[in-house]
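# Secondary and tertiary structure notes
Chain by chain, the residues run as shown.
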Amino acid sequence: MTTRYFINQSNVALIGTTDSPEDSLEFHQQIAEDDSFKTKVVPSFRPDKALKVNDPTFNEYVQLIGKVADKKVNHYQDFVDALAQRIAFFDSVGTVASDHALEEVNYVGATNEEIESIFAKGLNGDTLTVQEVNQYTSRLLVDLAKLYADYDWAMQIHFGALRNNNTRMFETLGPDTGFDSIRDSSNDASGLNRLFDAMNQNNGLPKMIIYPLNPTQYDVIGSALANFQSNDKGIKFKLQLGSGWWFNDTERGMRAQMAALSDQGLLMNFVGMLTDSRSFLSYPRHEYFRRILCQFIGEQVDAGKIPNDESLLKTLVQNICYYNAVNYFTKNTDK
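Let us look at the structure shown here. (Residues numbered from 1 in each chain as written. Predicted model: local features only at pLDDT ≥ 70, side-chain atom pairs only at ≥ 80, totals over all residues. Heavy atoms only, no water.)

## Looking at empty space enclosed by the protein
Selection rule: Only protein atoms enter the calculation, which uses a 1 Å grid: trapped sets of points that fit a 1.4 Å probe without letting it out are cavities, open sets showing protein on both sides within 12 Å along at least five of seven lines are pockets, and any residue with an atom within 4 Å of a point is a lining residue. Grid points are joined across faces, edges and corners, and a volume is the space filled by probe spheres set on the points. Secondary structure follows DSSP: runs of H or I at least 4 residues long count as helices, runs of E at least 2 residues long count as strands, and numbering of each begins at the N terminus. Here the nonpolar group is Ala, Val, Leu, Ile, Met, Phe, Trp, Tyr, Cys and Pro; Asp, Glu, Lys and Arg are the charged ones; every other residue, Gly included, is treated as polar.
All told, the structure shown has 1 cavity of 30 Å³ or more when counted by the stated rule. In terms of lining residues, the largest cavity is bounded by Gly222, Leu225, Ala226, Gln229, Phe237, Leu241, Ala260, Leu261, Gln264 and Gly265. Of all the secondary-structure elements, those providing two or more residues to the lining of the largest cavity are α10 (218-226) and α11 (251-264). Of the residues that constitute the lining of the largest cavity, the class distribution is 6 nonpolar, 4 polar and no charged.

Shown next as C-alpha cells:
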C-alpha cells in the first residue's frame, strides 16, 4: 500500500500541492517526466510569508525571494516583480491555482508612497501599526491577483482561523498542532467586497474560491461573491463559495454550505469538494461528500424544489463531482 497505490485506487486525476514561491519544483518536474504515474501533479502557489510584513524574518524572506528570482529587492515594486518572476516559473511547471491563508479580511487602501514606506519599515524590522499591516496585505493581494488573472489561475483564500490558543501545548509541540478554533469577525463582508472591488477596478479579478471557516458567514460571503460574477470570458460562477473545510468538513457543515450556495448562487455550477489535506488517506472524503450531496439533492427533489428529471439530476451530480472542477481549473490557454 504505497502512496501511489492510494492515489490510483481513489482515481485521482489531478493533485495540486502547496508550494512556497522559492521552491525549486524539481520533484514536480521529475513526476511530470515519469510515464508510469498517470495522475497529474502540479504545484500551487502559496506566498503566505510574503504577506507577513510584520514578521521578524520578513527581510530575510524578501532577500531569499530576490535571490531565487535573480533580482535585487530594495523597494516594494522590486518585490512584486520578483514574485511575478516566480509566478511565471510556477506557471511553466503547470500551476493552475494559488492559495492564501488569512485570519481576517481587512481591506485598507494605500498610496504607492505609503506602501513603499511600510515595506521599508518591514525590511528594517520597525514596529508597524495594525492599519499599516492591513494596507500592505491588501495591496499585495490586489497586485498578486492581477498576476493570477493574467495566467488564468484560480485564487483561493482560506480565512477565519484563530490559531495556537493553548500556550503550553504551543511551547511543547509548536504551531498548527491541533489547538486552533473558529474565529468570529464582523468585518469580513465589508473587507471582501472592498478587496474584490479593488481587484475589479484594476481589471485584475481572477477566478476565486473563498473558504470561510465560520459557517455562520456562508450567506454573508455568498452574497458578496454575487456582486462580482460578471465576466467577459464566459466563466460560470467565477467567484465560488468554497466547500466546507476543517471544522465544517462534516455532514452538518457540508449541508450548510450547500444550502447557502444554493440560495446565494447556483448549485449546478459548484466546483465541489476540496481535499486540503496532506494525508494520502484523505481521498475518501470525496465519497463522503458525494453521498451527502446526493442526499441533499434527493431531499430537494422529494420536496418539489428540484425537478424529478433523471437526465437533469445526472448532469447536476456529475458537474459538481467532476466536470465543473475540470473546466474551472483548466486554463483558457489550455482549452
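## A look at the pattern of salt bridges
Quick reminder of the rule: Salt bridges, as used here, are contacts in which a Lys or Arg side-chain nitrogen is within 4 Å of a carboxyl oxygen on Asp or Glu.
For the coordinates displayed, the defined rule picks out 15 salt bridges. A salt bridge links Glu104 to Arg183; its shortest N-O distance comes to 3.9 Å. A residue pair is termed long-range when its members are at least 10 positions apart, and Glu104 in the loop between β3 (97-102) and α6 (112-124) and Arg183 in the loop between β6 (181-182) and α9 (188-201) qualify at 79 residues. Sharing partners across several salt bridges, the network here consists of Arg46, Asp48 and Asp99.

## Some thoughts on the environment of Arg139
The criterion, for reference: Working rule for contacts: check all heavy atoms of both residues, and any pair within 4.5 Å makes them a contact. In the analysis that follows, any N or O atom pair within 3.5 Å is treated as a polar contact, provided that within protein one partner can donate a hydrogen and the other can accept it, and provided that, for residues neighboring in sequence, both atoms belong to side chains.
With respect to the element layout, Arg139 can be found in helix α7 (residues 130-150). Put simply, Arg139 and Ile115 are 24 residues apart on the chain and 7.8 Å apart in space, counted from C-alpha to C-alpha. What Arg139 contacts, discounting residues up to four positions off in sequence, is Tyr76, Ala110, Thr111, Asn112 and Ile115. Here Asn112 takes part through its side chain, which lies 2.7 Å from a polar atom of the side chain of Arg139.

## Some words on the layout of surface pockets
Computed from the structure, the second largest pocket encloses a volume of approximately 350 Å³. Together, 20 residues line the second largest pocket, and Asn203, Leu205, Asn231, Asp232 and Lys238 are the ones closest to its centre. It is α7 that provides the largest number of residues to the lining of the second largest pocket, a total of 4 residues. Tallied by class, residues from the lining of the second largest pocket come to 7 nonpolar, 6 polar and 7 charged.

## Things to note about α9
Rules: Here the expected span of a helix is defined as 1.5 Å times the quantity of residues minus one. The classification of residues rests on relative accessible area computed with a 1.4 Å probe and restricted to protein chains. Under 20% of the type maximum is buried, over 50% is exposed, and intermediate values are partly exposed. This arc is built from the directions going out from the helix axis to the C-beta atoms.
Taking 1.5 Å per residue, 14 residues should reach 20 Å; α9 reaches 20 Å between its end C-alpha atoms and fits that length. What α9 keeps buried is the set Asp188, Gly191, Leu192, Leu195, Phe196, Ala198 and Met199. For α9, the buried positions fall inside an angular range of 160° around the axis, keeping them on one side. In this fold, the buried residues of α9 make contact with α7, β4 (154-159), β7 (207-212), α10 and β8 (239-241). Among the residues trailing α9, Asn203 stands out with phi positive, at a value near 55°.

## Points about the packing of aromatic side chains
The following threshold applies: Side-chain rings of Phe, Tyr and Trp, where Trp is taken by its six-membered ring, are said to pair if the distance between their centres is within 6.5 Å; with planes under 30 degrees apart they count as stacked, over 60 as edge-to-face, and otherwise as tilted. Criterion for a charge above a ring: Lys NZ or Arg CZ within 6 Å of the ring centre, and within 35 degrees of the ring normal.
For the structure on display, the rule yields 19 aromatic pairs. Aromatic pair Tyr148 and Trp153: ring centres 5.5 Å apart, planes at 20°, arrangement stacked. Both residues of the pair, Tyr148 and Trp153, count as buried. Aromatic rings pair up to connect Phe45, Phe89, Phe90, Tyr148, Tyr151 and Trp153 into one cluster. Over the ring of Tyr328 we find Lys207; its NZ or CZ atom is 5.3 Å from the centre of that ring.

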